[in-house]
Amino acid sequence: MALVNEHFLKLSDSYLFADIAKKVNAYKVSHPHQSVISLGIGDVTQPLAPAVIEAMHKAVDEMASKASFRGYGPERGYDFLREAILKNDFLPRGIHLDMSEIFVNDGAKSDTGNIGDIVRWDNSVGITDPVYPVYIDSNAMIGRAGTCKDGVWSNITYMPATAENDFCPAIPNHRVDMIYLCYPNNPTGTVLTKEQLKKWVDYALKNDAIIFYDAAYEAYIQEPDIPHSIYEIRGAKKCAIEFHSYSKTAGFTGVRCGYTVIPKDVKASTLNGDQRIALNQLWDRRQSTKFNGTSYISQRAAEAIYTPEGKRQIQETIGYYMENARIMRDHLTKLGIKVYGGVNAPYLWVKTPDNTPSWKFFENMLYGAGVVCTPGVGFGPSGEGYVRLTSFGNREDVIEAMRRLSAWMCG
Ligand SMILES: *Cc1c(COP(=O)(O)O)cnc(C)c1O
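Residues numbered from 1 in each chain as written. Predicted model: local features only at pLDDT ≥ 70, side-chain atom pairs only at ≥ 80, totals over all residues. Heavy atoms only, no water.

A. Structural detail: the environment of Cys148. In this structure, Cys148 sits in strand β4 (residues 148–149). Separated by 138 residues in sequence, Cys148 and Lys10 have C-alpha atoms that sit 6.6 Å apart. Residues contacting Cys148, with those up to four places away along its chain left out, are Lys10 and Trp153. (Helix = DSSP H or I, 4+ residues; strand = E, 2+ residues; numbered from the N terminus. Contact = heavy atoms within 4.5 Å.)

Here you go:
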(Lines give C-alpha, C1' and ligand atoms only; values in the text may rest on other atoms or scores of the structure.)
Protein backbone atom coordinates (compact mmCIF):
# COMPACT_ATOMS: atom_id res chain seq x y z
CA MET A 1 0.00 0.00 0.00
CA ALA A 2 1.37 3.35 -0.99
CA LEU A 3 1.26 5.86 1.86
CA VAL A 4 1.17 9.61 1.53
CA ASN A 5 3.57 12.10 3.04
CA GLU A 6 1.27 13.08 5.88
CA HIS A 7 3.21 16.25 6.58
CA PHE A 8 1.32 17.71 3.62
CA LEU A 9 -1.95 17.20 5.50
CA LYS A 10 -0.79 19.60 8.21
CA LEU A 11 -0.67 22.46 5.72
CA SER A 12 -3.67 24.76 5.72
CA ASP A 13 -5.50 24.50 2.43
CA SER A 14 -6.97 27.97 2.57
CA TYR A 15 -4.74 29.90 0.26
CA LEU A 16 -4.50 33.64 0.87
CA PHE A 17 -4.86 34.84 -2.70
CA ALA A 18 -7.67 32.39 -3.45
CA ASP A 19 -9.60 33.75 -0.45
CA ILE A 20 -9.04 37.29 -1.67
CA ALA A 21 -10.23 36.40 -5.18
CA LYS A 22 -13.37 34.82 -3.71
CA LYS A 23 -14.23 37.94 -1.74
CA VAL A 24 -13.49 40.23 -4.69
CA ASN A 25 -15.77 38.11 -6.90
CA ALA A 26 -18.57 38.29 -4.35
CA TYR A 27 -18.20 42.08 -4.37
CA LYS A 28 -18.26 42.22 -8.17
CA VAL A 29 -21.45 40.19 -8.35
CA SER A 30 -23.23 42.57 -5.96
CA HIS A 31 -21.66 45.71 -7.53
CA PRO A 32 -21.64 44.96 -11.27
CA HIS A 33 -21.05 48.59 -12.30
CA GLN A 34 -18.21 49.39 -9.90
CA SER A 35 -14.67 48.83 -11.22
CA VAL A 36 -12.18 47.26 -8.82
CA ILE A 37 -8.53 48.36 -8.61
CA SER A 38 -6.11 45.85 -7.17
CA LEU A 39 -3.19 47.08 -5.10
CA GLY A 40 -2.85 43.54 -3.83
CA ILE A 41 -1.07 41.98 -6.77
CA GLY A 42 2.41 40.60 -6.17
CA ASP A 43 3.16 40.40 -9.88
CA VAL A 44 4.81 42.99 -12.07
CA THR A 45 2.81 44.70 -14.82
CA GLN A 46 5.31 46.50 -17.07
CA PRO A 47 6.75 44.71 -20.15
CA LEU A 48 10.29 43.33 -20.46
CA ALA A 49 13.13 45.71 -21.30
CA PRO A 50 13.90 46.08 -25.05
CA ALA A 51 17.46 44.80 -24.47
CA VAL A 52 16.00 41.63 -22.95
CA ILE A 53 13.55 41.15 -25.80
CA GLU A 54 16.33 41.57 -28.35
CA ALA A 55 18.52 39.00 -26.55
CA MET A 56 15.64 36.53 -26.43
CA HIS A 57 14.89 36.92 -30.15
CA LYS A 58 18.54 36.31 -30.91
CA ALA A 59 18.63 33.23 -28.70
CA VAL A 60 15.53 31.84 -30.39
CA ASP A 61 17.18 32.31 -33.79
CA GLU A 62 20.26 30.44 -32.57
CA MET A 63 18.00 27.53 -31.66
CA ALA A 64 16.76 27.48 -35.26
CA SER A 65 20.06 26.55 -36.80
CA LYS A 66 22.00 23.31 -36.44
CA ALA A 67 25.32 25.11 -35.91
CA SER A 68 24.14 27.19 -32.95
CA PHE A 69 21.42 24.99 -31.44
CA ARG A 70 21.73 24.33 -27.69
CA GLY A 71 20.37 21.34 -25.84
CA TYR A 72 20.90 20.63 -22.16
CA GLY A 73 23.05 23.33 -20.63
CA PRO A 74 25.30 23.06 -17.58
CA GLU A 75 23.17 22.48 -14.42
CA ARG A 76 24.87 25.36 -12.63
CA GLY A 77 24.13 27.73 -15.52
CA TYR A 78 26.08 29.04 -18.50
CA ASP A 79 29.42 30.69 -17.84
CA PHE A 80 28.38 33.83 -19.73
CA LEU A 81 25.66 34.51 -17.15
CA ARG A 82 27.62 33.49 -14.07
CA GLU A 83 30.49 35.73 -15.16
CA ALA A 84 28.11 38.66 -15.66
CA ILE A 85 26.65 38.01 -12.18
CA LEU A 86 30.05 38.04 -10.47
CA LYS A 87 31.18 41.10 -12.38
CA ASN A 88 28.04 43.20 -11.87
CA ASP A 89 26.27 42.07 -8.70
CA PHE A 90 29.25 41.31 -6.46
CA LEU A 91 32.65 42.72 -7.54
CA PRO A 92 31.50 46.37 -7.42
CA ARG A 93 30.51 45.75 -3.78
CA GLY A 94 33.91 44.27 -2.95
CA ILE A 95 32.53 40.74 -2.78
CA HIS A 96 34.77 38.09 -4.31
CA LEU A 97 33.02 34.89 -5.22
CA ASP A 98 34.03 31.99 -7.42
CA MET A 99 31.98 30.91 -10.46
CA SER A 100 31.37 27.55 -8.78
CA GLU A 101 29.59 29.34 -5.94
CA ILE A 102 26.81 30.57 -8.28
CA PHE A 103 23.91 28.31 -9.26
CA VAL A 104 21.60 29.72 -11.92
CA ASN A 105 18.00 28.72 -11.22
CA ASP A 106 14.51 29.05 -12.65
CA GLY A 107 13.49 31.60 -10.03
CA ALA A 108 14.00 32.03 -6.31
CA LYS A 109 10.84 30.25 -5.23
CA SER A 110 12.12 26.84 -6.33
CA ASP A 111 15.46 27.22 -4.60
CA THR A 112 14.18 28.79 -1.37
CA GLY A 113 11.68 25.93 -1.24
CA ASN A 114 14.11 23.16 -2.19
CA ILE A 115 17.20 24.20 -0.26
CA GLY A 116 15.88 22.35 2.81
CA ASP A 117 16.66 19.06 1.02
CA ILE A 118 20.33 19.31 1.96
CA VAL A 119 19.97 19.84 5.71
CA ARG A 120 18.60 17.45 8.32
CA TRP A 121 14.84 17.20 8.68
CA ASP A 122 14.89 17.96 12.41
CA ASN A 123 16.88 21.20 12.43
CA SER A 124 15.10 24.01 14.25
CA VAL A 125 13.98 26.98 12.18
CA GLY A 126 13.73 30.68 12.90
CA ILE A 127 11.44 32.78 10.72
CA THR A 128 10.59 36.48 10.76
CA ASP A 129 6.88 37.10 11.14
CA PRO A 130 5.08 38.19 8.91
CA VAL A 131 6.78 36.21 6.15
CA TYR A 132 6.79 34.95 2.54
CA PRO A 133 4.84 31.69 3.09
CA VAL A 134 7.24 29.49 1.07
CA TYR A 135 9.80 29.34 3.88
CA ILE A 136 7.35 27.84 6.36
CA ASP A 137 5.35 25.59 4.04
CA SER A 138 8.42 24.02 2.43
CA ASN A 139 9.77 23.14 5.87
CA ALA A 140 6.39 21.80 6.94
CA MET A 141 6.34 19.45 3.92
CA ILE A 142 9.26 17.43 5.23
CA GLY A 143 8.21 17.61 8.87
CA ARG A 144 10.74 20.20 9.97
CA ALA A 145 8.10 22.72 11.07
CA GLY A 146 6.53 20.25 13.52
CA THR A 147 2.79 20.41 14.04
CA CYS A 148 0.49 23.36 13.44
CA LYS A 149 -1.94 24.63 16.05
CA ASP A 150 -3.97 27.82 15.56
CA GLY A 151 -1.68 28.82 12.71
CA VAL A 152 1.52 28.43 14.77
CA TRP A 153 4.09 25.68 14.08
CA SER A 154 5.67 23.87 17.02
CA ASN A 155 9.24 23.65 15.73
CA ILE A 156 9.42 27.16 14.32
CA THR A 157 10.67 30.14 16.25
CA TYR A 158 8.68 33.18 15.16
CA MET A 159 10.60 36.43 15.23
CA PRO A 160 8.00 39.22 15.11
CA ALA A 161 8.63 42.29 12.98
CA THR A 162 6.15 44.99 13.94
CA ALA A 163 5.98 48.76 14.35
CA GLU A 164 6.84 48.20 18.05
CA ASN A 165 10.35 46.96 17.21
CA ASP A 166 10.68 49.16 14.14
CA PHE A 167 10.47 46.00 11.95
CA CYS A 168 13.84 44.83 13.22
CA PRO A 169 13.08 41.36 14.59
CA ALA A 170 14.76 40.39 17.86
CA ILE A 171 17.44 37.71 17.75
CA PRO A 172 16.15 34.57 19.49
CA ASN A 173 17.39 33.98 23.03
CA HIS A 174 17.97 30.32 22.21
CA ARG A 175 19.67 28.39 19.41
CA VAL A 176 18.04 27.92 16.05
CA ASP A 177 19.80 25.98 13.30
CA MET A 178 18.28 27.66 10.24
CA ILE A 179 17.25 31.29 9.87
CA TYR A 180 15.27 32.77 6.99
CA LEU A 181 15.73 36.47 6.29
CA CYS A 182 14.28 38.43 3.37
CA TYR A 183 15.50 42.01 2.83
CA PRO A 184 14.17 44.25 1.42
CA ASN A 185 11.26 42.47 3.02
CA ASN A 186 8.15 41.01 1.50
CA PRO A 187 5.53 41.79 2.87
CA THR A 188 6.58 44.74 5.09
CA GLY A 189 8.74 46.59 2.52
CA THR A 190 11.27 47.35 5.29
CA VAL A 191 15.07 46.91 5.23
CA LEU A 192 17.89 46.18 7.66
CA THR A 193 20.97 48.35 7.98
CA LYS A 194 24.43 46.79 7.83
CA GLU A 195 24.70 47.03 11.63
CA GLN A 196 21.37 45.25 12.09
CA LEU A 197 22.25 42.53 9.59
CA LYS A 198 25.68 42.06 11.18
CA LYS A 199 23.96 40.96 14.41
CA TRP A 200 22.38 38.07 12.52
CA VAL A 201 25.65 37.04 10.91
CA ASP A 202 27.37 37.15 14.30
CA TYR A 203 24.57 35.05 15.82
CA ALA A 204 24.82 32.47 13.02
CA LEU A 205 28.61 32.21 13.35
CA LYS A 206 28.37 31.86 17.14
CA ASN A 207 25.60 29.24 17.02
CA ASP A 208 26.79 27.38 13.94
CA ALA A 209 23.52 28.24 12.20
CA ILE A 210 22.84 28.81 8.50
CA ILE A 211 21.15 31.98 7.24
CA PHE A 212 18.95 31.66 4.14
CA TYR A 213 18.96 35.18 2.76
CA ASP A 214 16.35 36.10 0.16
CA ALA A 215 17.54 39.17 -1.78
CA ALA A 216 14.75 39.10 -4.40
CA TYR A 217 14.06 42.84 -3.94
CA GLU A 218 17.69 43.98 -3.75
CA ALA A 219 17.37 46.07 -6.94
CA TYR A 220 14.68 48.24 -5.32
CA ILE A 221 17.02 49.66 -2.68
CA GLN A 222 17.23 53.43 -3.17
CA GLU A 223 19.05 54.62 -0.06
CA PRO A 224 22.83 54.38 0.27
CA ASP A 225 24.37 52.07 2.90
CA ILE A 226 21.54 49.53 2.86
CA PRO A 227 23.13 46.14 2.15
CA HIS A 228 22.26 44.64 -1.26
CA SER A 229 23.88 41.34 -0.36
CA ILE A 230 24.48 39.63 2.97
CA TYR A 231 28.08 39.07 1.83
CA GLU A 232 28.70 42.77 2.42
CA ILE A 233 28.86 41.68 6.07
CA ARG A 234 32.13 40.17 7.22
CA GLY A 235 31.83 36.49 8.06
CA ALA A 236 28.66 35.92 6.01
CA LYS A 237 30.54 33.77 3.48
CA LYS A 238 30.87 31.18 6.25
CA CYS A 239 27.21 31.03 7.27
CA ALA A 240 24.87 32.36 4.56
CA ILE A 241 23.21 31.15 1.39
CA GLU A 242 21.74 33.94 -0.74
CA PHE A 243 18.88 33.83 -3.26
CA HIS A 244 18.45 36.26 -6.15
CA SER A 245 15.70 36.51 -8.70
CA TYR A 246 15.21 38.48 -11.89
CA SER A 247 11.44 38.30 -11.38
CA LYS A 248 11.03 41.64 -9.63
CA THR A 249 14.39 43.08 -10.76
CA ALA A 250 13.57 42.83 -14.47
CA GLY A 251 9.99 41.60 -14.79
CA PHE A 252 10.99 37.93 -15.27
CA THR A 253 8.00 36.46 -13.41
CA GLY A 254 6.95 34.78 -16.65
CA VAL A 255 10.44 34.24 -18.10
CA ARG A 256 11.88 32.43 -15.04
CA CYS A 257 15.51 32.97 -14.06
CA GLY A 258 17.46 33.76 -10.91
CA TYR A 259 20.43 32.40 -9.02
CA THR A 260 21.54 31.05 -5.68
CA VAL A 261 24.90 31.73 -4.05
CA ILE A 262 26.46 29.05 -1.86
CA PRO A 263 30.01 29.98 -0.82
CA LYS A 264 32.39 27.03 -0.42
CA ASP A 265 32.96 27.89 3.23
CA VAL A 266 29.33 27.42 4.24
CA LYS A 267 29.42 24.09 6.05
CA ALA A 268 27.17 22.07 8.29
CA SER A 269 27.95 19.24 10.66
CA THR A 270 27.07 15.54 10.50
CA LEU A 271 24.96 14.27 13.41
CA ASN A 272 27.86 12.85 15.40
CA GLY A 273 29.86 15.98 14.71
CA ASP A 274 32.86 14.23 13.15
CA GLN A 275 32.58 15.91 9.74
CA ARG A 276 31.83 19.39 8.38
CA ILE A 277 30.28 19.17 4.93
CA ALA A 278 30.28 21.98 2.35
CA LEU A 279 26.68 22.76 1.42
CA ASN A 280 27.87 23.85 -2.03
CA GLN A 281 28.85 20.26 -2.77
CA LEU A 282 25.53 18.86 -1.52
CA TRP A 283 23.48 21.40 -3.48
CA ASP A 284 25.47 20.63 -6.62
CA ARG A 285 24.71 16.94 -6.12
CA ARG A 286 21.04 17.67 -5.46
CA GLN A 287 20.69 19.91 -8.51
CA SER A 288 22.48 17.57 -10.89
CA THR A 289 19.95 14.90 -9.90
CA LYS A 290 16.73 16.91 -9.74
CA PHE A 291 17.29 19.93 -11.98
CA ASN A 292 18.34 20.12 -15.61
CA GLY A 293 19.10 23.80 -15.88
CA THR A 294 17.32 27.02 -16.79
CA SER A 295 16.45 27.50 -20.44
CA TYR A 296 19.18 28.96 -22.65
CA ILE A 297 16.78 31.66 -23.84
CA SER A 298 16.05 32.78 -20.27
CA GLN A 299 19.74 32.87 -19.41
CA ARG A 300 20.53 35.02 -22.48
CA ALA A 301 17.63 37.26 -21.42
CA ALA A 302 19.17 37.58 -17.94
CA GLU A 303 22.61 38.31 -19.37
CA ALA A 304 21.12 41.27 -21.30
CA ILE A 305 20.11 42.92 -18.00
CA TYR A 306 23.79 43.52 -17.33
CA THR A 307 24.50 45.40 -20.58
CA PRO A 308 24.59 49.22 -20.33
CA GLU A 309 21.22 49.54 -22.15
CA GLY A 310 19.74 46.71 -20.12
CA LYS A 311 20.80 48.29 -16.83
CA ARG A 312 19.35 51.65 -17.84
CA GLN A 313 16.08 50.12 -19.02
CA ILE A 314 15.44 48.02 -15.93
CA GLN A 315 16.26 50.98 -13.68
CA GLU A 316 13.63 52.96 -15.56
CA THR A 317 10.97 50.37 -14.76
CA ILE A 318 12.07 50.07 -11.14
CA GLY A 319 11.88 53.88 -10.98
CA TYR A 320 8.33 53.74 -12.31
CA TYR A 321 7.24 51.31 -9.58
CA MET A 322 9.05 53.27 -6.90
CA GLU A 323 7.35 56.48 -8.05
CA ASN A 324 4.04 54.63 -7.61
CA ALA A 325 5.19 53.74 -4.10
CA ARG A 326 6.05 57.38 -3.38
CA ILE A 327 2.65 58.58 -4.60
CA MET A 328 0.90 56.03 -2.40
CA ARG A 329 3.02 56.77 0.66
CA ASP A 330 2.53 60.53 0.39
CA HIS A 331 -1.17 60.24 -0.23
CA LEU A 332 -1.88 57.79 2.59
CA THR A 333 0.28 59.74 5.03
CA LYS A 334 -1.71 62.90 4.21
CA LEU A 335 -4.86 60.93 5.01
CA GLY A 336 -3.43 60.29 8.47
CA ILE A 337 -2.62 56.62 7.82
CA LYS A 338 0.59 55.13 9.20
CA VAL A 339 2.62 53.62 6.36
CA TYR A 340 5.86 51.60 6.54
CA GLY A 341 8.11 50.40 3.74
CA GLY A 342 7.77 51.66 0.17
CA VAL A 343 11.13 53.47 0.22
CA ASN A 344 13.53 50.63 -0.64
CA ALA A 345 10.92 48.09 -1.71
CA PRO A 346 7.80 47.96 -3.90
CA TYR A 347 5.60 47.16 -0.86
CA LEU A 348 3.78 49.43 1.56
CA TRP A 349 2.85 47.98 4.93
CA VAL A 350 -0.12 49.90 6.18
CA LYS A 351 -1.28 50.02 9.80
CA THR A 352 -5.05 49.72 9.87
CA PRO A 353 -6.78 52.65 11.63
CA ASP A 354 -7.93 51.86 15.20
CA ASN A 355 -6.33 48.41 15.04
CA THR A 356 -9.06 47.15 12.73
CA PRO A 357 -8.38 43.46 12.02
CA SER A 358 -6.71 42.92 8.61
CA TRP A 359 -9.61 41.09 6.96
CA LYS A 360 -12.16 43.59 8.28
CA PHE A 361 -10.13 46.49 6.86
CA PHE A 362 -9.73 44.59 3.58
CA GLU A 363 -13.54 44.37 3.28
CA ASN A 364 -14.08 47.97 4.35
CA MET A 365 -11.66 49.18 1.70
CA LEU A 366 -13.17 46.94 -0.97
CA TYR A 367 -16.76 47.97 -0.25
CA GLY A 368 -15.93 51.59 0.56
CA ALA A 369 -13.51 52.36 -2.26
CA GLY A 370 -13.42 49.40 -4.67
CA VAL A 371 -9.71 48.97 -3.90
CA VAL A 372 -8.13 45.60 -3.11
CA CYS A 373 -5.26 45.13 -0.64
CA THR A 374 -3.72 42.01 0.91
CA PRO A 375 -4.63 41.34 4.57
CA GLY A 376 -1.42 41.32 6.60
CA VAL A 377 -2.51 38.45 8.82
CA GLY A 378 -2.30 36.23 5.73
CA PHE A 379 1.50 36.48 6.06
CA GLY A 380 1.58 35.38 9.70
CA PRO A 381 0.24 36.22 13.16
CA SER A 382 2.29 39.43 13.50
CA GLY A 383 0.70 40.75 10.31
CA GLU A 384 -2.65 41.20 12.09
CA GLY A 385 -3.70 44.84 12.07
CA TYR A 386 -1.84 45.59 8.85
CA VAL A 387 -2.49 45.32 5.12
CA ARG A 388 -0.01 45.19 2.26
CA LEU A 389 -0.23 47.40 -0.81
CA THR A 390 2.03 46.83 -3.80
CA SER A 391 3.32 49.46 -6.20
CA PHE A 392 3.43 47.06 -9.19
CA GLY A 393 0.32 48.58 -10.79
CA ASN A 394 -0.17 51.01 -13.65
CA ARG A 395 0.27 54.67 -12.73
CA GLU A 396 -3.27 55.67 -13.68
CA ASP A 397 -4.71 52.88 -11.50
CA VAL A 398 -2.57 53.98 -8.58
CA ILE A 399 -3.74 57.59 -8.93
CA GLU A 400 -7.38 56.57 -9.26
CA ALA A 401 -7.07 54.23 -6.24
CA MET A 402 -5.67 57.09 -4.14
CA ARG A 403 -8.50 59.39 -5.26
CA ARG A 404 -11.03 56.77 -4.22
CA LEU A 405 -9.37 56.21 -0.85
CA SER A 406 -9.52 59.96 -0.18
CA ALA A 407 -13.21 60.09 -1.07
CA TRP A 408 -13.88 57.05 1.10
CA MET A 409 -11.98 58.23 4.16
CA CYS A 410 -12.96 61.90 3.99
CA GLY A 411 -16.47 61.41 2.63
C1 LIG B 1 8.59 37.26 -5.77
C2 LIG B 1 9.49 36.70 -4.72
C3 LIG B 1 10.52 35.83 -5.06
C4 LIG B 1 10.80 35.49 -6.49
O5 LIG B 1 10.21 34.35 -6.88
P6 LIG B 1 10.57 33.78 -8.32
O7 LIG B 1 10.37 32.32 -8.17
O8 LIG B 1 11.98 34.14 -8.60
O9 LIG B 1 9.62 34.41 -9.29
C10 LIG B 1 11.34 35.34 -4.07
N11 LIG B 1 11.17 35.70 -2.79
C12 LIG B 1 10.21 36.56 -2.42
C13 LIG B 1 10.11 36.96 -1.02
C14 LIG B 1 9.33 37.07 -3.37
O15 LIG B 1 8.37 37.92 -2.99
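B. Region of interest: the sheet that holds strand β14 (residues 347–351). The antiparallel open sheet is built from four strands, whose spatial order is β13-β14-β17-β16. Since the sheet does not close on itself, it has two edges, and those belong to β13 (339–341) and β16 (374–375), each with one partner. Bridge count between β14 and strand β17 (residues 386–390): five bridges; the pairing is antiparallel. Directly across from Val350, in β17, lies its bridge partner Val387. Docked against the sheet, helix α11 (residues 358–369) engages β16 and β17, running at close to 50° with respect to β17. (Pairing = 2+ DSSP bridges. Axes fitted to C-alpha atoms, helices over the stretch in contact; angles between N-to-C directions.)

C. Representation of the pairing of strand β10 (residues 258–261) within the structure. The alternating pattern of β10 places Gly258 and Thr260 and Tyr259 and Val261 on opposite faces, both of which are buried. When strand β2 (residues 102–105) meets β10, the two strands line up antiparallel, connected through four bridges. Within β10, the residue paired with Phe103 across the bridge is Thr260. (Buried < 20%, exposed > 50% of the residue type's maximum accessible area, 1.4 Å probe, protein only.)

D. Layout of the site of the ligand. The ligand sits among 14 residues. The nearest are Ala108, Tyr217, Ser245, Ser247 and Lys248. Tyr217 is positioned such that a nitrogen or oxygen atom in its side chain is 2.6 Å from an oxygen atom of the ligand. Take Ser245: an N or O atom from its side chain is 2.6 Å from an oxygen atom of the ligand. Contact with the protein chains covers 93% of the free accessible surface of the ligand, which is 390 Å². Judged by the fraction of its atoms near the pocket grid, the ligand is located in the largest pocket. Going through the elements one at a time, α4 (108–114) and α7 (246–250) are the ones with two or more residues in the shell around the ligand. Residues belonging to the shell around the ligand are distributed by class as follows: six nonpolar, four polar and four charged. (Near = heavy atom within 4 Å. Polar contact = N/O pair within 3.5 Å; in protein donor to acceptor, adjacent residues only side chain to side chain. Areas by Shrake-Rupley, 256 points an atom, 1.4 Å probe, with all protein chains shown as cover. 1 Å grid on protein atoms, 1.4 Å probe; cavity = no way out; pocket = protein on both sides within 12 Å on 5 of 7 lines; lining within 4 Å. Sits in = over half its atoms within 2 Å of the grid points. Nonpolar A, V, L, I, M, F, W, Y, C, P; charged D, E, K, R; others polar.)

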